Amino acid sequence: MSKPPVHVTVTGAAGQIGYSLLFRIASGQLLGPEQPVVLRLLEIEPAMGTLEGVVMELEDCAFPLLAAIEPTSEMKTAFDGTNWALLVGSIPRKAGMERNDLLTINGGIFGPQGEAIAVHAASDVRVLVVGNPCNTNCLIARAHAPEVPDDRWFAMTRLDQNRAASQLATKAGVPVADVARVAIWGNHSSTQYPDFENATVSGRAATEVIADRDWLEGDFIATVQQRGAKIIEARGASSAASAANAVVDSVASVVNATAEGDCASLAVVSHGEYGTPEGLVFGFPVRSDGTSWEIIEGLEHSGFAQERIRLTTEELESERAAVAHLLG
Ligand code: NAX
């Protein structure tokens, strides 16, 4: 007998990331080849026509695991009984828009979505915020859903982890599968700190395998921090397939056990780990046993790393201050 379906909500489902993500979820790549899913797809009214086309394409794939599709512009329907809420939809930054304006506009989306999750979602709901600025959007959503425990909230830094691992592998001349424990600290923004000091390459410290410290401190970090902008420059559109892939990896890293010696990068609610301010949604290295997860403690940071982490912490604190009026 097949398992009961898991309900997965995707907001912004008619957008670019949605177009890559939905097919991977429906094909079983998100939750495994034996897990049926119901897709609950939220869009704003003007995008419902486009969403209808995406739904037709999903139907035309005849995915055996896709138990039902619910396209809607109503939050109540979108989050009804949902087990995983993937909050992708948001308003992109437009020319002339200040960062604080962007924070406030998106706060107007994520506050009500948090409230709707608290009221309508399943009691085991887990939330992954992708829409930018994702750490602070997650902070806002969570502030509107105090009933949902802290360990259910995530913002996405996995794309940064994957980008960093790929850069380290290329530099070391090894397959990316040989790179492990790449932690992304702080904000999913250009202040993030991709931690090469705690990463490993073929089981050895990355700093031993890649002796070029100038590259690690310079080009490596800059490449990871600026990768999103480079993709926009080259493609004329922001990362979508790689972002959808990172959503799949993020969820998998929570519901499956973390391999020995590795970590998953996720932004989660800080309880003061590594001296970070409590309550911020902060990028940390995380380990899961498949049921529960924890922040990996005890990693060492050099003075260089501490300074980088201080900068990204400051940015997250200033974002929190900018949306203080949206935190209830
Ligand atoms: P698109 O602009 O292609 O799609 C966004 C979709 O969201 C649109 O279809 C829009 O109608 C919908 N939307 C807007 N307001 C909504 C609301 N209130 N409820 C439901 N849907 C709503 O953007 P896309 O390229 O898919 O990117 C989505 C978000 O992901 C952006 O905020 C983007 O910045 C962010 N990203 C985050 C990444 C991360 O690593 N955390 C990486 C990729 C991406 O840049």
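Keep in mind it's a predicted model, so treat the numbers as computed, not measured.

Explanation requested: the nonpolar core in the structure shown.
When a protein is soluble and globular, its nonpolar side chains tend to lie buried together. Counting residues in hydrophobic clusters, the biggest one holds 73 residues, and the most contacted among them are Val-8, Val-10, Leu-21, Leu-58 and Leu-86. The residues touching Val-8, leaving out its near neighbours within four places in the chain, are Ile-25, Leu-30, Leu-31, Val-37, Val-38, Leu-39, Arg-40, Thr-82, Trp-84 and Leu-86. Counting residues in each nonpolar core, the second largest holds 28 residues, with Ala-78, Leu-103, Ala-121 and Ala-155 among its members.

Quick question: what am I supposed to make of the side chain of Ser-253 here?
The residue Ser-253 is located in helix α9 (residues 241-255) in this model. The residues contacting Ser-253, other than those within four sequence positions of it, are Arg-158, Thr-258, Ala-264, Leu-266 and Ser-288.

Would you take a moment to explain unusual backbone geometry for this structure?
Peptide bonds are mostly trans, and most non-glycine residues show a negative phi. Omega for the bond connecting Asn-132 with Pro-133 falls within 30 degrees of zero, at -5 degrees, which places this linkage in the cis form. By the element assignment, Pro-133 lies in the loop between β5 (126-129) and α5 (134-143). A positive phi angle, close to 50 degrees, is found at Ser-202, a residue other than glycine. Tracing the sequence through the fold places Ser-202 in the loop between β10 (200-201) and β11 (204-205). Note on Ser-202: relative accessible area 45%, which makes it partly exposed.

Before we go on, may I ask you to explain the site of the ligand in this structure?
With respect to spatial proximity, 24 residues lie near the ligand, and among them Gln-16, Ile-17, Glu-43, Ser-90 and Asn-132 are the closest. Residue Asn-132 places a side-chain N or O atom 2.9 Å away from an oxygen atom belonging to the ligand. The fraction of the free accessible surface of the ligand (870 Å²) that becomes covered by protein chains is 83%. Judged by the proximity of its atoms to the pocket grid, the ligand belongs to the largest pocket. Listing elements by their share of the shell around the ligand, those giving two or more residues are α1 (16-26) and α4 (99-120).

How do you make sense of the layout of surface pockets when you look at a structure like this?
If a probe the size of a water molecule is rolled over the atoms, the empty space left behind becomes visible. Here the largest pocket is characterised by a volume of approximately 1500 Å³. Every residue lining the largest pocket is counted, 48 residues in all, and those nearest its centre are Ser-90, Pro-92, Gly-131, Asn-132 and Ser-238. Counting residues per element, the ones that place at least two in the lining of the largest pocket are α1, α4, α6 (158-172) and α8 (213-235). Ranked by residues supplied to the lining of the largest pocket, first place goes to α8 with 7 residues.

Quick question: what am I supposed to make of the environment of Ser-318 here?
Residue position: Ser-318 is located in helix α10 (residues 303-322). For Ser-318, a relative accessible area of 44% puts it in the partly exposed group. Separated by 2.9 Å, the side chain of Ser-318 and the backbone oxygen of Glu-315 make a polar contact.

Would you explain the side chain of Ser-189 in this entry?
Relative to the elements of secondary structure, Ser-189 occurs in the loop between β8 (183-185) and β9 (193-195). A polar contact of 2.5 Å, which involves the side chain of Ser-189, links it to the side chain of Glu-315. Look past the residues within four positions of Ser-189 in its chain and what remains in contact with it is Arg-99 and Glu-315.

Could you clarify how one ought to interpret α1 in this entry?
Residues separated by three or four positions in an α-helix point in the same direction, a consequence of the helix having 3.6 residues per turn. Of the positions making up α1, those classed as buried are Ile-17, Gly-18, Leu-21, Leu-22, Phe-23, Ile-25 and Ala-26. Taken together, the buried residues of α1 touch β1 (6-11), β2 (37-42), α2 (48-61), β3 (66-72), β4 (84-87) and α9. Downstream of α1 by one or two residues, Gly-28 has phi in the positive range, about 100 degrees.

How do you make sense of the pairing of β5 when you look at a structure like this?
In the case of a regular strand, side chains alternate between the two sheet surfaces. Of the two faces of β5, the one carrying Arg-126 and Leu-128 and the one carrying Val-127 and Val-129 are both buried. Both β4 and β5 contribute to a ladder of 4 bridges, which runs parallel. Looking at β5, one finds that Leu-87 is bridged to Val-129. Note that the unit made of β4, α4 and β5 has a crossover that is right-handed. Crossover connection from β5 via α5 to parallel strand β6 (residues 153-155): handedness right-handed.

Looking at this structure, how should I read α9?
The terminal C-alpha atoms of α9, which comprises 15 residues, lie 21 Å apart, in line with the 21 Å expected from a rise of 1.5 Å per residue. Of the residues making up α9, those classed as buried are Ala-243, Ala-244, Ala-246, Val-247, Val-248, Ser-250, Val-251, Ser-253 and Val-254.

Would you explain the packing of aromatic side chains in this entry?
The description of two aromatic rings rests on the distance between their centres and on the angle between their planes. Scanning all chains against the criterion turns up 12 aromatic pairs. Arranged with centres 6.0 Å apart and planes meeting at 80 degrees, the rings of Trp-185 and Phe-284 form a pair that is edge-to-face. One end of the pair, Trp-185, is in strand β8; the other, Phe-284, is in strand β13 (residues 281-288), and 99 residues separate them in sequence. Neither Trp-185 nor Phe-284 differs from the other in exposure class; each is buried. Clustering of aromatic rings is evident, with ring pairs tying together Tyr-193, Phe-196, Trp-215, Phe-220 and Phe-304.

What counts, and where the lines are drawn
- Residues numbered from 1 in each chain as written.
- Predicted model: local features only at pLDDT ≥ 70, side-chain atom pairs only at ≥ 80, totals over all residues.
- Heavy atoms only, no water.
- Core = buried A, V, L, I, M, F, W, Y, C linked by side-chain atoms within 4.5 Å.
- Buried < 20%, exposed > 50% of the residue type's maximum accessible area, 1.4 Å probe, protein only.
- Contact = heavy atoms within 4.5 Å.
- Helix = DSSP H or I, 4+ residues; strand = E, 2+ residues; numbered from the N terminus.
- Near = heavy atom within 4 Å.
- Polar contact = N/O pair within 3.5 Å; in protein donor to acceptor, adjacent residues only side chain to side chain.
- Areas by Shrake-Rupley, 256 points an atom, 1.4 Å probe, with all protein chains shown as cover.
- 1 Å grid on protein atoms, 1.4 Å probe; cavity = no way out; pocket = protein on both sides within 12 Å on 5 of 7 lines; lining within 4 Å.
- Sits in = over half its atoms within 2 Å of the grid points.
- Points joined across faces, edges and corners; volume = space filled by probe spheres on them.
- Pairing = 2+ DSSP bridges.
- Right-handed = clockwise from strand over helix to strand, strands pointing away.
- Expected span 1.5 Å × (residues − 1).
- Phe/Tyr/Trp six-rings, centres within 6.5 Å; stacked < 30°, edge-to-face > 60°.

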